[in-house]
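Architecture at a glance
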Amino acid sequence: MNQTSLICGSLAIDVIMQYEGRFGDTLLADQLHKVNVSFLVPTMRTEFGGCSGNIAYNLKLLDGDPRIVGVMGQDCAAYLERLQKLGISTQNILIKKDAYNAQCFVTADSDNNQINAFHPGAMSFAHENNIEEAGPARLAIISPDGHLGMLKHADDLQRLNIPFIFDPGQQMPMFTPEQLIAFIDKATYVTCNDYEIELLVDRTGLSLADIAHRLDALIVTRGEKGSQIYTKGTSIDIPAVKADAVLDPTGCGDAYRAGLLYGLTHDLGWETTGRLASLLGAIKIAHKGAQNHVLTKEEIADRFEQAFGYRYE
């Protein structure tokens, strides 16, 4: 049986810099109308990221079959080489030679406040990457990407009869209420965190129950409170898994979504699928960066058994 998952979404480079002082000591409240400041950042690291890259990375750890449908720029060589070494197909990554990779520049201070600058770059051309060229798939996910690309991919997946998860994330404000309702009606599943579902309810005028009724399942993550899966008129509570450490939440949602994709493409059932997704989020948060946790499929299965008392295999 085809267990391929199409992963539509951003591919980005995160440049993370650490300022040893406090922004509040430099930014004067009565002078914010004319800010001209410079912060000395003794440490800097570069991380591979972007929603599709993060989801594919975690799905590959489970020995799943991810196929990224994304766009990169002229500075793509290092990321492409990494994906290829991981055994993740790069065949359906479009390269825009006149653009740069999407990049996020993060400066954090000693209080963990952040000043971020995001350059969408090649991500803005997501609508030029055709779903048809990726071939048949069991399931797809539309994660945050260029908003024109997200709209086109939803239309194309519906036309191709490929069920998909709609994961609007931080791109939700880019869409009109009518477009968000259309996404919901085309999707088979929708997943949001607790803030995003409130925003989706507010933007669409639909209640949580209304949204769930239009789908096979609505999945809402609530951090340390676990998650809920609303399906067939019922709500399934998924417990959070205690993390070994809480070091970096970046990419935890993407790890969770990889668990959803694996469970759905392997017919694990909602209880086990949600628990596997929860475990992957807990594993990720104990590591800095979105793609630096390294486990085998067997090690993940062992962690699952320790947490829940049975094996999902």
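Report on the accompanying structure. (Residues numbered from 1 in each chain as written. Predicted model: local features only at pLDDT ≥ 70, side-chain atom pairs only at ≥ 80, totals over all residues. Heavy atoms only, no water.)

**Here we look at the overall build of the protein chain**
Definition in use: Secondary structure elements are taken from DSSP: a helix is a run of H or I of four residues or more, a strand is a run of E of two residues or more, and numbering for both begins at the N terminus. Throughout, radius of gyration means the C-alpha value; the globule benchmark is 2.2 Å times the number of residues raised to the power 0.38. Here's how the labels work: a residue is buried when its accessible area is under 20% of the maximum for its type, exposed when over 50%, partly exposed in between, all with a 1.4 Å probe on protein chains only. Contacts between residues were defined by any pair of non-hydrogen atoms, one from each residue, lying within 4.5 Å. In short, Shrake-Rupley with a 1.4 Å probe defines the accessible areas, and a residue's cover is counted only from the protein chains shown. Charge counting treats Lys and Arg as positive and Asp and Glu as negative, with His and both chain ends excluded. Note that the charge is assigned to NZ on lysines, CZ on arginines, CG on aspartates and CD on glutamates.
Each helix and strand counted, the protein chain has nine helices and 13 strands in total. Here the C-alpha atoms of the protein chain give a radius of gyration of 19 Å, agreeing with the 20 Å that 2.2 N^0.38 yields for 313 residues. For the protein chain, the spread of C-alpha atoms along the principal axes amounts to about 55 × 45 × 45 Å. Put simply, the protein chain has 313 residues, and 51% of those count as buried. In the protein chain, once contacts between residues fewer than 6 apart in sequence are set aside, the share between residues at least 24 apart is 67%. Accessible surface for the protein chain amounts to roughly 14,400 Å². Of this, 51% is attributable to carbon and sulfur atoms. In the protein chain, the 26 positive side-chain charges and the 39 negative ones have mean positions that sit 2 Å from each other.

**Describing the sheet that holds strand 13 (residues 234-238)**
We count it as follows: DSSP-based pairing: two strands are paired if at least 2 bridges between them are found. Throughout, an axis means a line fitted to C-alpha atoms (over the contacting stretch in the case of helices), and angles, computed between N-to-C directions, take values from 0 to 180 degrees.
If you trace the nine strands from one edge of the open sheet to the other, you get 5-4-1-8-9-10-11-12-13, paired in mixed fashion. Of all strands in the sheet, those with a lone pairing partner are strand 5 (93-95) and strand 13, marking the two edges. Adjacent strand axes in the sheet meet at a mean angle of 20 degrees, parallel and antiparallel pairs treated alike. Sheet topology places strand 11 (residues 217-221) next to strand 12 (residues 227-231); four bridges connect them, and they run antiparallel. Its bridge partner being in strand 12, Leu-218 is matched across the sheet by Tyr-230.

**Quick notes on the pattern of salt bridges**
Counted only if it meets this: Here, a salt bridge means any side-chain nitrogen of Lys or Arg that lies within 4 Å of a carboxyl oxygen of Asp or Glu.
Enumeration according to the criterion identifies 17 salt bridges in this entry. Between Asp-267 and Arg-138 there is a salt bridge; the shortest N-O distance is 2.7 Å. Placement of Asp-267 in the loop between helix 7 (252-265) and helix 8 (270-285) and of Arg-138 in the loop between strand 7 (114-119) and strand 8 (139-142) is noted, with a sequence separation of 129 residues between them. In this structure, the salt-bridge partner of Glu-271 is Arg-275, at a minimum N-O distance of 3.9 Å. On the criterion of helical spacing, the pair formed by Glu-271 and Arg-275 is a turn pair, its members being four residues apart in helix 8. On the basis of relative accessibility, which here comes to 38%, the residue Glu-271 falls in the partly exposed class. Arg-275 gets classed as partly exposed once you look at its relative accessible area, which sits at 21%. A single network of salt bridges, built from pairs that share partners, joins Glu-132, Lys-152, Asp-156 and Arg-159.

**Here we look at the sheet that holds strand 6 (residues 102-108)**
The four strands lie next to each other as 3-2-6-7, forming an open sheet whose pairing is mixed. Only two strands of the sheet have a single partner each, and these edge strands are strand 3 (43-49) and strand 7. Across the sheet, the axes of successive neighbouring strands diverge by a mean angle of 15 degrees, strand direction being ignored. Alignment of strand 6 against strand 7, held across six bridges, turns out to be antiparallel. Across the sheet, Phe-105 pairs through a bridge with Ala-117, a residue of strand 7. Here helix 2 (residues 77-85) sits on the sheet and contacts strand 2 (12-18) and strand 3; the angle it forms with strand 3, its principal contact strand, is near 55 degrees.

**Describing the nonpolar core**
What counts, and what does not: In plain words, nonpolar cores are sets of buried Ala, Val, Leu, Ile, Met, Phe, Trp, Tyr and Cys residues tied together by side-chain atoms within 4.5 Å.
Residues Ile-165, Tyr-189, Ile-219, Leu-261, Trp-270, Ile-300 and Tyr-312 are the most contacted members of the largest nonpolar core, which totals 36 residues. Those elements giving two or more residues to this core turn out to be helix 1 (51-61), strand 8, strand 11, strand 13, helix 7, helix 8 and helix 9 (297-308). Contacts of Tyr-312, omitting those with residues within four sequence positions, involve Leu-62, Tyr-262, Leu-268, Thr-272, Leu-276, Lys-297, Ile-300, Ala-301 and Phe-304. If you look at the next biggest cluster of nonpolar residues, it comprises 31 residues, including Ile-142, Met-172, Ala-187 and Leu-218.

**Some details on the packing of aromatic side chains**
The condition that has to hold: In summary, the pairing rule links any two rings of Phe, Tyr or Trp, Trp by its six-membered ring, whose centres are within 6.5 Å, and it sorts them by plane angle into stacked for under 30 degrees, edge-to-face for over 60 and tilted for everything else.
Per the stated rule, a full pass over the model turns up eleven aromatic pairs. Both rings, one in Phe-304 and one in Tyr-312, keep their centres 5.2 Å apart while their planes meet at 75 degrees; by these two values the pair is edge-to-face. Both residues of the pair, Phe-304 and Tyr-312, belong to the buried class. Through pairs of rings, three or more aromatic residues link up here, namely Tyr-262, Phe-304, Phe-308, Tyr-310 and Tyr-312.

**Remarks on helix 7**
Rules: To estimate how far a helix should extend, the number of its residues minus one is multiplied by 1.5 Å.
Over its 14 residues, helix 7 extends 20 Å from the first C-alpha to the last, a length consistent with the 20 Å expected when each residue adds 1.5 Å. Burial within helix 7 is extensive, with 13 of its 14 residues counted as buried. The first or second residue beyond helix 7 is Asp-267, which carries a positive phi of 55 degrees.

**A word on helix 8**
Turn by turn, an α-helix covers 3.6 residues, leaving residues three or four places apart pointing in a common direction. Given a rise of 1.5 Å per residue, 16 residues ought to cover 22 Å, and the 23 Å separating the end C-alpha atoms of helix 8 matches this to within 8%. For helix 8, a buried count of 14 out of 16 residues is recorded, marking the element as mostly surrounded by other parts of the structure.

Coordinates in, geometry out; function isn't part of it.
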